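What the coordinates show
Here is what each chain is made of, one letter per residue.
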Amino acid sequence: MKKFFLMLTAVMALSLISCESGNNYKAKGESMVKQLDQLCEQQDSAAVLALVDSIRAMEKTIMASSDSAAIDEFRQALKESRERNAAYISVLKVKKGVDKEEVVKEMTQDVMNGGMDINSITESIDKMLQEEKK
């Protein structure tokens, strides 16, 4: 009987740990959303690009853990902010020297992963073309 309770306790502890890590990624995503929105509003281009790189790094870290639920939660937490700020971020990347095709390819991956909608890409392309004409 003691062995049974010991095993049950171990299983419960592991399940709580795994739930905890998923919640941490969601909370981290929500924190990054607030930062991204604030930095885009302030038009702090260097900080925005650094945060975008941090978001990408976090996604890669979560994907490496093979925790599909955590990556979905993280992406969903960021989705609306990414959609709102996609055009601004795209223009910043192009001004920094990133190829427009690479920017669009990256956003297309986000759409395919459920982290952004297709309208964000078209809006971003329009903004990049407007900036190019200036």
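Details of the structure are given in the entry above.
Structural notes, computed from the coordinates. This structure is a prediction, so every number in the text was calculated from the model and none was measured.

Definitions and cut-offs
Residues numbered from 1 in each chain as written. Predicted model: local features only at pLDDT ≥ 70, side-chain atom pairs only at ≥ 80, totals over all residues. Heavy atoms only, no water. Axes fitted to C-alpha atoms, helices over the stretch in contact; angles between N-to-C directions. Helix = DSSP H or I, 4+ residues; strand = E, 2+ residues; numbered from the N terminus. Left-handed = near helix turned anticlockwise from the far one by under 90°. Contact = heavy atoms within 4.5 Å. Nonpolar A, V, L, I, M, F, W, Y, C, P; charged D, E, K, R; others polar. Expected span 1.5 Å × (residues − 1). Buried < 20%, exposed > 50% of the residue type's maximum accessible area, 1.4 Å probe, protein only. Arc of directions from axis to C-beta. 1 Å grid on protein atoms, 1.4 Å probe; cavity = no way out; pocket = protein on both sides within 12 Å on 5 of 7 lines; lining within 4 Å. Points joined across faces, edges and corners; volume = space filled by probe spheres on them. Polar contact = N/O pair within 3.5 Å; in protein donor to acceptor, adjacent residues only side chain to side chain.

Topic: the packing of helix α2 (residues 45-64) against helix α3 (residues 68-96)
- Where α2 meets α3, the closest approach of the two axes is 10 Å, and the angle between their N-to-C directions is 145°. Where α2 crosses over α3, the handedness of that crossing is left-handed. Counted together, Ser45, Val48, Leu49, Val52, Ile55, Arg56, Met58, Glu59, Ile62 and Met63 of α2 and Ala70, Ile71, Phe74, Arg75, Leu78, Arg82, Tyr88, Ile89, Leu92, Lys93 and Lys96 of α3 form the full contact between these two elements.
- Class assignment for the residues of the contact of α2 with α3 results in 14 nonpolar, one polar and six charged.

Here's the deal with helix α5 (residues 118-133)
- Taking 1.5 Å as the rise per residue, α5 with 16 residues should run 22 Å; its terminal C-alpha atoms sit 23 Å apart, in good agreement.
- For α5, the full list of buried residues reads Ser120, Ile121, Ser124 and Met128. Projected onto a plane normal to the axis of α5, the buried residues spread over an arc of 100° and lie on a single side. Facing away from the buried surface of α5 by more than 90 degrees, the exposed residues are Ile118, Asn119 and Lys133.
- On its buried face, α5 sits against α3 and α4 (100-112).

Thoughts on empty space enclosed by the protein
- Tallied over the entire structure, the rule returns one cavity of 30 Å³ or more.
- Those elements that provide at least two residues to the lining of the largest cavity are α2, α3 and α4.
- For the lining of the largest cavity, the leading source of residues is α3, giving five residues.
- In terms of residue class, the lining of the largest cavity is built from eight nonpolar, one polar and five charged.

Side note on the side chain of lysine 93
- Note that lysine 93 resides in helix α3.
- Given the relative accessible area of 12%, lysine 93 is considered buried.
- Non-local contacts of lysine 93, meaning those with residues more than four positions away in its chain, are made with Leu49, Val52, Val98, Val103 and Glu106.

Side note on the side chain of arginine 75
- Here arginine 75 shows up in helix α3.
- We classify arginine 75 as buried; its relative accessible area is 9%.
- A distance of 3.5 Å separates a polar atom in the side chain of arginine 75 from a polar atom in the side chain of glutamate 59.

Looking at unusual backbone geometry
- For glutamine 43, which is not glycine, the phi torsion reads 55° and is therefore positive.
- One can find glutamine 43 in the loop between α1 (2-42) and α2.
- For glutamine 43, a relative accessible area of 57% gives the class exposed.
- Even without glycine at this site, serine 66 takes up a positive phi of about 60°.

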